[in-house]
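The chain contents come next:
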Amino acid sequence: QAQLVESGGGVVQAGKSLRLSCVASRRVFEGASMAWFRQAPGKQRELVARIDDGGWNREYSDSVRGRFTISRDSAKNTVYLQMNSLKSEDTAVYYCNTAFPPYDTWGQGTQVTVSS
């Protein structure tokens, strides 16, 4: 049974918004800092944003700071990524996982394609 299930991706024009969701198992989610990562074709997976278990502290990569917002809903074991002002360079497969190693088994991710 998948422990991390991402959704919400799609094809959008530059400047538009998307909201990604990641439903995690309680075992993975509870008490853990969580994060969103992305992997573009031919590139390594990179950290996009992370949030601590209480939801108070959030960190972002330089490339998305000010445009993306990470949040979490403990009642739903869900992590969100609100992505605004999307750019073509945001095109990638987006994954969620624990924020620090050891990571749980990676989900299938959700594809985000931004057309210019």
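Structure shown above.
Residues numbered from 1 in each chain as written. Predicted model: local features only at pLDDT ≥ 70, side-chain atom pairs only at ≥ 80, totals over all residues. Heavy atoms only, no water.

Q: Now, about the side chain of arginine 67: what can you tell me, with residues and values included?
A: Along the chain, the position of arginine 67 falls in the loop between strand 6 (58–60) and strand 7 (68–73). Here the side chain of arginine 67 touches serine 85 through a polar contact of 2.9 Å, landing on its backbone oxygen. Those residues in contact with arginine 67 that lie beyond four places of it in its chain are Gln82, Met83, Asn84, Ser85, Leu86, Lys87 and Asp90. (Helix = DSSP H or I, 4+ residues; strand = E, 2+ residues; numbered from the N terminus. Polar contact = N/O pair within 3.5 Å; in protein donor to acceptor, adjacent residues only side chain to side chain. Contact = heavy atoms within 4.5 Å.)

Q: Go over the state of the cysteines, please, and point to the residues and values.
A: Inspection of every chain in the model, using the stated rule, returns one disulfide. For cysteine 22, the disulfide goes to cysteine 96, at an S-S distance of 1.7 Å. Of the two residues, cysteine 22 is situated in strand 3 (residues 18–24) and cysteine 96 in strand 9 (residues 92–98); the sequence distance between them amounts to 74 residues. By the burial criterion, cysteine 22 is buried, and cysteine 96 matches it. (Disulfide = S-S within 2.5 Å. Buried < 20%, exposed > 50% of the residue type's maximum accessible area, 1.4 Å probe, protein only.)

Q: Break down unusual backbone geometry for me, citing the residues and quoting the values.
A: Most peptide bonds are trans, and most residues other than glycine sit at a negative phi. Residue proline 102 is reached from proline 101 by a cis peptide bond, and omega for that bond is 0°. Secondary-structure assignment places proline 102 in the loop between strand 9 and strand 10 (110–115). A positive phi angle is found at asparagine 77, which is not glycine, with a value near 50°. Following the sequence through the fold, asparagine 77 ends up in the loop between strand 7 and strand 8 (78–83). What makes asparagine 77 buried here is its relative accessible area of 18%. Phi is positive for serine 85, which is not a glycine, with a value near 50°. On the accessibility criterion, serine 85 (39% relative accessible area) is partly exposed.

Q: Mind laying out the environment of glutamate 89, listing which residues take part and the relevant values?
A: With respect to the element layout, glutamate 89 can be found in the loop between strand 8 and strand 9. For glutamate 89, a relative accessible area of 52% corresponds to the exposed category. C-alpha of glutamate 89 to C-alpha of valine 114: the two residues are 25 residues apart in sequence and 7.6 Å apart in space. Engagement of the side chain of glutamate 89 in a polar contact is seen with the side chain of serine 88, the distance being 3.1 Å.

Q: Residue-level account of the sheet that holds strand 8, with values.
A: Pairing is antiparallel across the open sheet formed by four strands, whose spatial order is 1-3-8-7. At either margin of the open sheet sits one strand with a lone partner, and together these are strand 1 (4–7) and strand 7. Here the strands of the sheet are splayed against their neighbours by 15° on average, with no regard to which way each runs. As defined by bridge partners, strand 1 adjoins strand 3 across four bridges and the pair is classed as antiparallel. Paired with leucine 4 across the two strands is alanine 24, which belongs to strand 3. (Pairing = 2+ DSSP bridges. Axes fitted to C-alpha atoms, helices over the stretch in contact; angles between N-to-C directions.)

Q: Provide a residue-level description of the pattern of salt bridges, including the pertinent values.
A: For side chains of opposite charge, pairing can occur when their charged atoms come near one another. With the rule as written, the count across this model stands at seven salt bridges. With a closest N to O distance of 3.0 Å, glutamate 59 and arginine 50 form a salt bridge. The closest approach of N and O atoms between arginine 67 and aspartate 90, which form a salt bridge, is 2.8 Å. With a gap of 23 residues between them, arginine 67 in the loop between strand 6 and strand 7 and aspartate 90 in the loop between strand 8 and strand 9 connect regions that are remote in the sequence. Grouping residues by exposure puts arginine 67 and aspartate 90 together as buried. Several salt bridges share partner residues, and in doing so they unite Arg38, Glu46, Arg67 and Asp90 into one network. (Salt bridge = Lys/Arg side-chain N within 4 Å of Asp/Glu carboxyl O.)

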